[in-house]
Amino acid sequence: MDDTRIVALYWSRDEQAISETSAKYGAYCQQIAMNVLKNLQDAEECVNDTYLRAWNTIPPQRPTKLGAFLGKITRHLALDRFKARTAAKRQGDSFGVSLEELSECLSSGDFEAETDARAIGEAINGFLRKELPTARKIFVCRYFYGDSIEDICRRFSMTEAKVKSSLFRSRNRLRAHLEKEGIGL
Amino acid sequence: MSDKTLLLAEAMGYIDEKFIEEAHSEARGVPYQIANRRRTFRQIAAVACLCLVAIGVARLPEMVGGGMNASGEASPMAPSSPIEPSSPGNKFPFFDKNDGNSGNTPMPPAEDAPPQAGEPPAEDISPEGVGGTETEAET
């Protein structure tokens, strides 16, 4: 079933929308949650919360890209759960390592969480628009989806050195872009 | 994990959905498979071109027409087309030992033939000439 029909089911408050969403995007959302949480039970709870959040936000929203819409919700919920964990230490997993890599792009400064996250997100959007498609996809796979370097190598048919080099250069460009935007100075 | 790190992780959640969708479609493997097949075709094409170039370089002396044989001596010009045996109507100057009239080059007459080694030169025999031979024959 295509996305427009699923969204129409949400708008008509038909519970079949949830089952169709689960059939089409269940594995996708679970993969995102697993990349962040590394725990199957937590990931499943996260996915169920995603369906509930989608049910509550559609309507009034009418997303054109349902997959990306659900992915964002899942990632946001997984990140909240990740932050709430008592293990605030570095876990050595790929998501934690990817966040540490990304933190190099931002110099130390005083930030207010909600407002600044949105502003930084807009700045990252501006940066991504200027990136070449392959570099942009690798960047998003690593820092949004939390994929490991090995997964990215397999998907893009690249060597590990090439992927790491692409990410390193992207981070350097992002740092320069954020400094130019006046973020993190 | 620092606040800055979590802040950036939060900020990544605000990126445009088209970028998320673009990376997701890549992650599904369809472009990956196509890129893999294209890379394989490119590799095969590159190897085939190298083979053709190598064959061309090896045959270059023959194509130019004046090549060197294996001992390094200049070899005579090779004919561009194979020599065909003589046949009726074929005007190629191919001498057949069984047919003295083949070809355009006429056979020289026997009288004009140059003297063979050891034979005395032919004498000019005429009636007013030296009749020594006739006188001796008459007597």
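A brief report on the enclosed structure follows. (Residues numbered from 1 in each chain as written. Chains lettered and ligands numbered in written order. Predicted model: local features only at pLDDT ≥ 70, side-chain atom pairs only at ≥ 80, totals over all residues. Heavy atoms only, no water.)

Moving on, we come to the pattern of salt bridges. Residue and element names in this part refer to chain A. Taken as a whole and judged by the stated rule, the model has 12 salt bridges over all chains. Measuring nitrogen to oxygen at the nearest pair gives 2.5 Å for the salt bridge that ties Arg-155 to Asp-147. In this structure, Arg-155 and Asp-147 share a single accessibility class: buried. Here Glu-160 ties to Lys-164 by a salt bridge, and the two come within 3.0 Å at their closest N and O atoms. You can see Glu-160 and its partner Lys-164 sitting in helix 9 (residues 160-181), 4 residues apart, about one turn around the helix. Residue Glu-160 is classed as partly exposed on the basis of its relative accessible area of 38%. Residue classification places Lys-164 among the partly exposed residues on the basis of a relative accessible area of 45%. The network of salt bridges with shared partners includes Glu-45, Asp-49 and Arg-81. (Salt bridge = Lys/Arg side-chain N within 4 Å of Asp/Glu carboxyl O. Buried < 20%, exposed > 50% of the residue type's maximum accessible area, 1.4 Å probe, protein only. Helix = DSSP H or I, 4+ residues; strand = E, 2+ residues; numbered from the N terminus.)

Another aspect to go through is the packing of helix 7 (residues 133-143) of chain A against helix 8 (residues 149-156) of chain A. The axes of two packed helices give the description: the angle between them and the distance between them. All names here are of chain A. Relative orientation of the contacting elements helix 7 and helix 8 amounts to 145°, with a least axis distance of 10 Å. Considering how the two elements wind past one another, helix 7 and helix 8 form a crossing that is right-handed. In this structure, helix 7 uses Thr-134, Lys-137, Ile-138, Cys-141 and Arg-142 to contact helix 8, whose residues at the interface are Ile-149, Ile-152 and Phe-156. Its residues assigned to classes, the contact of helix 7 with helix 8 shows 5 nonpolar, 1 polar and 2 charged. (Axes fitted to C-alpha atoms, helices over the stretch in contact; angles between N-to-C directions. Left-handed = near helix turned anticlockwise from the far one by under 90°. Contact = heavy atoms within 4.5 Å. Nonpolar A, V, L, I, M, F, W, Y, C, P; charged D, E, K, R; others polar.)

Moving on, we get to the state of the cysteines. By definition, a disulfide links the sulfur atoms of two cysteines through a covalent bond. Taken as a whole and assessed by the stated rule, the structure comprises 0 disulfides over all chains. Take Cys-29 of chain A: it sits in no disulfide, and the sulfur closest to it among the cysteines is that of Cys-46 of chain A, at 9.1 Å. (Disulfide = S-S within 2.5 Å.)

This part is about the environment of Asn-125 of chain A. Of note, Asn-125 of chain A is situated in helix 6 (residues 113-130). By relative accessible area, which is 3% here, Asn-125 of chain A ends up buried. Aside from chain neighbours lying at most four places away, what touches Asn-125 of chain A is Tyr-14, Ile-15, Asp-16 and Phe-19 of chain B.

Next up on the list: the interface of chain A and chain B. When the parts come together, some accessible area is lost, and that loss is often what is quoted as the size of the interface. Contact residues are listed per partner, giving 48 residues for chain A and 28 residues for chain B. Both sides of the chain A and chain B interface together cover about 3800 Å² of buried area, and 66% of this is carbon and sulfur. Among the residues chain A hides against chain B, the three largest losses belong to Lys-72, Lys-137 and Arg-155 of chain A. Together they make up 14% of the total. Taken together, the links from chain A to chain B amount to 2 salt bridges. Residue Arg-136 of chain A is joined to Glu-22 of chain B by a salt bridge in which the shortest nitrogen-to-oxygen separation is 2.9 Å. Linking chain A to chain B there are 9 residue pairs in polar contact (both at pLDDT 80 or more). When residues of the side of chain A that touches chain B are traced back to their parent elements, those giving at least two are helix 2 (16-37), helix 4 (66-84), helix 5 (94-103), helix 6, helix 7 and helix 8 of chain A. Top contributing element to the side of chain A that touches chain B by residue count: helix 6 of chain A, with 11 residues. Of the residues in the side of chain A that touches chain B, the class split is 24 nonpolar, 9 polar and 15 charged. (Buried area = accessible area lost by both parts, 1.4 Å probe. Polar contact = N/O pair within 3.5 Å; in protein donor to acceptor, adjacent residues only side chain to side chain.)

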